[in-house]
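# Overview (structure and organization)
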Amino acid sequence: MRSTDFSSPTRLQPGQSLRLALDAGAALMVLEGSVRVVSPPSWFGETAFTVKNDYEEGEAYVAERGGWVEVEALTPAQIRGLPQPAPVTALRPSPVARLLRLLLA
C-alpha cells in the first residue's frame, strides 16, 4: 500500500473529517488547530477495535502500521504529511571478504 501524497497543507473545518491510506511509518503533522486521529482497525481475539488520539498544533501522528486512518478536525485545523526517510539497506559483503572471514575465523 502506498501512502497518499500529502505533502501540501490541507485545511479542515471543525467536524470535517478526512480518510487517508498510510504506510507504516508515515507521519501527519498538525500545523494549526487540533485533530482526532482514528487508527486503522486492529483485532484483539475476535473483537475489532480502533484507537483514537487527539493531536494539537506542533504534534505529529506516526502510523505504527499501514491502513486507513481518519483525521477529524476538533477546531479549524491544518495538517500536512511528512516525508518518510529512505529505507536503510545493508550492504552485502563481497564474496572475497566472506572467503577471507571464513579462512581467518
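Only a predicted model underlies this, so the values are computations on that prediction, with no experimental measurement involved.

Criteria and thresholds
Residues numbered from 1 in each chain as written. Predicted model: local features only at pLDDT ≥ 70, side-chain atom pairs only at ≥ 80, totals over all residues. Heavy atoms only, no water. Patch = residues over 30% accessible without salt bridge, like charges linked within 9 Å, V, L, I, M, F, W, Y side chains within 5 Å. Areas by Shrake-Rupley, 256 points an atom, 1.4 Å probe, with all protein chains shown as cover. Salt bridge = Lys/Arg side-chain N within 4 Å of Asp/Glu carboxyl O. Helix = DSSP H or I, 4+ residues; strand = E, 2+ residues; numbered from the N terminus. Buried < 20%, exposed > 50% of the residue type's maximum accessible area, 1.4 Å probe, protein only. Phe/Tyr/Trp six-rings, centres within 6.5 Å; stacked < 30°, edge-to-face > 60°. Contact = heavy atoms within 4.5 Å. Pairing = 2+ DSSP bridges. Axes fitted to C-alpha atoms, helices over the stretch in contact; angles between N-to-C directions.

## Brief notes about a nonpolar patch on the surface
There is a patch of nonpolar side chains on the surface, built from Val96, Leu99, Leu100, Leu103 and Leu104 and spanning about 560 Å² of accessible area. Within the secondary structure, Leu100 is located in helix 1 (residues 95-104). Given a relative accessible area of 46%, Leu100 falls into the partly exposed group.

## Here we look at the packing of aromatic side chains
Counted under the stated rule, the structure contains one aromatic pair. Ring geometry for Tyr55 and Tyr61: centres 5.9 Å apart, planes at 70°, overall edge-to-face. Note on accessibility: Tyr55 and Tyr61 belong to one class, buried.

## Comments concerning the side chain of Ser34
Relative to the elements of secondary structure, Ser34 occurs in strand 4 (residues 34-38). Once residues lying within four places of it in the same chain are set aside, the contact partners of Ser34 are Tyr55, Glu56, Glu72, Ala73, Leu74, Thr75 and Ala77.

## Considerations on the sheet that holds strand 2 (residues 17-22)
In space, the four strands of this open sheet follow the order 2-9-4-7, with antiparallel pairing throughout. Of all strands in the sheet, those with a lone pairing partner are strand 2 and strand 7 (52-56), marking the two edges. Each neighbouring strand pair of the sheet contributes to a mean axis angle of 25°, computed without reference to strand direction. Pairing between strand 4 and strand 7: five bridges, direction antiparallel.

## Some points on the pattern of salt bridges
A full pass over the atoms with the stated rule returns three salt bridges. Between Glu32 and Arg11 there is a salt bridge, and its shortest N-O distance comes to 2.9 Å. Of the two residues, Glu32 is situated in strand 3 (residues 27-32) and Arg11 in strand 1 (residues 10-12); the sequence distance between them amounts to 21 residues. Across the pair Arg19 and Glu70 runs a salt bridge whose closest N-O atoms are separated by 3.5 Å. Linking Arg19 in strand 2 with Glu70 in strand 9 (residues 67-73), this pair joins segments that are 51 residues apart in sequence. By relative accessible area, which is 59% here, Arg19 ends up exposed.

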